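Results of the structural survey
The lines below spell out each chain.
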Amino acid sequence: MHARLGWALAGIVAVTAGGALTACSDRPAATATAASAPTAAAPSASPSSAGCVSRTLAGMSAEERAGQVLMIGAPVDDPRRLEEAIAERHLGGVFLAGRSTRRATGLRADIAALRRAGKITPLVALDQEGGSVQTLKGPDFPLVPSAQRLGRGSQAKLRDSVRDSAQRLADIGVTVNLAPVADTVPADVGAANPPIGAFGRQYGSDPGKVAADIRTVVPASQGAGVLTILKHFPGLGRVLANTDVSRDAVDARTTADDPYLKPFEAGMQAGSAGVMISSARYPRLDRSTIAAFSKPIVTGLLRERLGYQGLVMSDDLGAADAAGFVPVGERAVRFVAAGGDLVLSIRPQDAKPMEAALVGEARTSPAFDARLTDAAGHVLRTKDRAGLLPCSA
């Protein structure tokens with residue numbers, strides 16, 4: 001998620017499809033699928049954990065599997081309005097959208113209600129990066145320094161800051177923080193990079209230094225009970241447009257062996273529960289479409305070349321302009337078909353068309369049905385890791 005979308009309340013911003021449906025090629029880019037030993041697999045599940053996930057998945061209908069791969073936005077000041085959708089659409093996750101100074105007691109009660117609403121407890125996520133991107137503030141949620149500021153300090157201060165913030169989130173029932181930002185912004189670009197550099201969301205301008213910080217942040221947060229999502233793969237630090245408000249965000253430099261991938265690899269090796277896919281374009285990886293819809297990037301580069309086995313989620317595919325060239329339901333289908341697992345939309349009204357499109361595609365394509373099952377499995381494994389399944393250890 002980017003700064004603008006973090007401030008928007010779910011359901012307020014409307015985006016219409018911007019023209020005809022464009023062709024999405026599965027033609028792999030040579031650099032993205034080159035043979036390489038996996039370097040960043042997530043920790044493997046225990047036999048008991050795997051059995052829990054398998055049993056849960058085996059009893060799910062197509063509608064339930066489709067719902068599990070959706071994370072839908074709800075305004076942080078009134079999240080219970082999503083309770084009905086969680087129950088009816090079997091939603092896999094809730095994203096708390098906006099900014100709030102509410103006390104922990106009220107938030108804890110609302111989140112508990114959301115977690116009770118579904119047959120399978122949903123993941124509850126927000127953007128609590130720090131600096132300009134901090135969903136919760138106020139007496140119970142002190143200001144967290146920006147990544148740029150923390151990146152200039154010691155690893156001990158970084159660890160303590162992240163751990164304290166994560167403990168406060170875990171205490172109210174938040175299970176996922178859409179952080180840390182693993183993007184590296186070049187020093188000669190800086191604030192000219194609208195989504196990251198303009199807000200100081202990067203840990204630095206050297207990918208090696210950023211990687212070291214990411215290796216600190218991931219265990220600090222997850223050790224305190226809040227799972228992390230590395231974002232925005234394969235990197236937003238070089239673009240000169242914001243995918244929230246533009247379809248012109250292009251990174252013409254990133255390749256499959258780019259040094260700017262190091263922070264993502266560091267986070268994967270540290271065990272990050274998830275990785276978020278950018279909605280920018282990367283022509284040296286895939287000339288045909290944005291990263292969120294790109295099989296060469298999601299499957300070829302992230303899964304196969306880098307060996308990542310954790311949760312793969314999208315950046316916002318609801319209100320963001322970068323995805324607006326595709327009808328709403330088809331956005332979910334394209335992301336899952338590319339290899340993604342959890343579709344994020346900050347707009348509550350997107351749940352119904354996205355679920356319908358996923359179910360419709362699964363019923364007509366055995367290959368997509370298998371991919372949908374695999375995606376739902378990744379979501380359930382993440383929930384099991386968070387202790388949310390009835391059979392979780």
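Residues numbered from 1 in each chain as written. Predicted model: local features only at pLDDT ≥ 70, side-chain atom pairs only at ≥ 80, totals over all residues. Heavy atoms only, no water.

**Some points on the overall build of the protein chain**
Of regular secondary structure, the protein chain possesses 13 helices and 12 strands. Residues classed as buried in the protein chain amount to 61% of the 393 residues present. Surface exposure of the protein chain reaches about 13,700 Å², of which carbon and sulfur atoms provide 53%. (Helix = DSSP H or I, 4+ residues; strand = E, 2+ residues; numbered from the N terminus. Buried < 20%, exposed > 50% of the residue type's maximum accessible area, 1.4 Å probe, protein only. Areas by Shrake-Rupley, 256 points an atom, 1.4 Å probe, with all protein chains shown as cover.)

**Observations regarding the state of the cysteines**
Counting across every chain of the model gives 1 disulfide. What pairs with Cys-52 in a disulfide is Cys-391, and their sulfur atoms sit 1.9 Å apart. Handedness of the Cys-52-Cys-391 disulfide follows from its S-S torsion of about 85°: it is right-handed. Of this pair, Cys-52 sits in helix 2 (residues 47–58) while Cys-391 sits in the segment after helix 13 (366–385), and the two are 339 residues apart along the sequence. (Disulfide = S-S within 2.5 Å.)

**Section: the nonpolar core**
By size, the foremost hydrophobic cluster in this structure holds 95 residues, and its most contacted members are Phe-233, Met-268, Ile-277 and Leu-358. Excluding anything up to four places from it in sequence, Leu-358 contacts Ala-66, Val-69, Leu-70, Ala-332, Val-333, Val-336, Phe-368 and Leu-372. Membership of the second largest hydrophobic core comes to 19 residues, among which are Ala-97, Val-176, Met-313 and Val-379. (Core = buried A, V, L, I, M, F, W, Y, C linked by side-chain atoms within 4.5 Å. Contact = heavy atoms within 4.5 Å.)

**Re the side chain of Ser-161**
If you trace the backbone, Ser-161 turns up in helix 7 (residues 155–171). Here Ser-161 is in contact with Val-144, Pro-145 and Leu-150, once residues within four sequence places are set aside.

**Description of the sheet that holds strand 6 (residues 176–177)**
Overall, parallel pairing links the 8 strands, which are arranged 11-8-7-6-3-2-1-12 in an open sheet. With one partner strand each, in any of the chains shown, strand 11 (311–314) and strand 12 (343–345) form the two edges of the open sheet. Of the pairings in the sheet, the one linking strand 1 (residues 70–75) to strand 2 (residues 93–97) comprises 5 bridges and is parallel in character. When the sheet's bridge partners are listed, Pro-75 is paired in strand 2 with Ala-97. Here helix 9 (residues 262–269) sits on the sheet and contacts strand 7 (227–233) and strand 8 (274–277); the angle it forms with strand 7, its principal contact strand, is near 160°. (Pairing = 2+ DSSP bridges. Axes fitted to C-alpha atoms, helices over the stretch in contact; angles between N-to-C directions.)

**A closer look at the packing of helix 11 (residues 328–338) against helix 12 (residues 351–364)**
Between helix 11 and helix 12, the least distance of the axes is 7 Å, while the angle of their chain directions is 55°. By the angle between their axes, helix 11 is oblique relative to helix 12. Helix-helix and strand crossings are classified by hand; for helix 11 and helix 12 the assignment is right-handed. Mapping the contact onto sequence places Val-328, Gly-329, Glu-330, Ala-332, Val-333 and Val-336 in helix 11 and Pro-353, Met-354, Ala-357, Leu-358 and Glu-361 in helix 12. When grouped by side-chain class, the residues that make up the contact of helix 11 with helix 12 number 8 nonpolar, 1 polar and 2 charged. (Parallel < 35°, antiparallel > 145°, perpendicular 65-115°, else oblique. Left-handed = near helix turned anticlockwise from the far one by under 90°. Nonpolar A, V, L, I, M, F, W, Y, C, P; charged D, E, K, R; others polar.)

**A short note on the packing of helix 8 (residues 207–223) against helix 9**
For any two helices packed against each other, the geometry comes down to the angle between their axes and how far apart the axes lie. Packing of helix 8 against helix 9 brings their axes to within 8 Å, and their N-to-C directions diverge by 25°. On the basis of the axis angle, helix 8 is roughly parallel to helix 9. In this structure, helix 8 meets helix 9 at a crossing whose hand is right-handed. The segment helix 8 lies against helix 9, with Pro-207, Val-210, Ala-211, Ile-214, Arg-215 and Val-218 engaging Lys-262, Pro-263, Ala-266 and Gly-267. For the contact of helix 8 with helix 9, the per-class residue count stands at 7 nonpolar, 1 polar and 2 charged.

**A short note on helix 12**
Between its terminal C-alpha atoms helix 12 stretches 20 Å, which fits the 20 Å expected from 14 residues at 1.5 Å a residue. Looking only at helix 12, the buried set comprises Ala-351, Met-354, Glu-355, Leu-358, Val-359 and Ala-362. Viewed end-on, helix 12 has its buried residues packed into an arc of 125°, placing them on one side of the element. Exposed and facing more than 90 degrees away from the buried side of helix 12 are Lys-352, Arg-363 and Thr-364. In this fold, the buried residues of helix 12 make contact with helix 3 (62–68), strand 1, helix 4 (83–89), helix 11, strand 12 and helix 13. (Expected span 1.5 Å × (residues − 1). Arc of directions from axis to C-beta.)

**Things to note about the side chain of Glu-64**
In this fold, Glu-64 is placed in helix 3. Exposure remark for Glu-64: the relative accessible area of 13% places this residue in the buried category. Among residues more than four places away in sequence, those in contact with Glu-64 are Gly-59, His-90 and Lys-119.

**Points about unusual backbone geometry**
Excluding glycine, a negative phi dihedral is what most residues carry, and trans is how most peptide bonds are arranged. In the segment running from Ala-179 into Pro-180, the intervening peptide bond is cis, with an omega of 10°. Note that the residue after Lys-231, namely His-232, is joined by a cis bond; omega there is 5°. Within the secondary structure, His-232 is located in strand 7. Even without a glycine there, the phi angle at His-90 is positive, about 55°. Tracing the chain through its elements places His-90 in the loop between helix 4 and strand 2.

**A word on helix 11**
A large share of helix 11 lies buried, amounting to 9 of its 11 residues. Looking only at helix 11, the buried set comprises Val-328, Gly-329, Arg-331, Ala-332, Val-333, Arg-334, Phe-335, Val-336 and Ala-338. The elements touched by buried residues of helix 11 are strand 8, helix 10 (295–305), strand 11, strand 12, helix 12 and helix 13. Note on helix 11: the residue one or two positions beyond its end, Gly-339, has a positive phi of about 120°.

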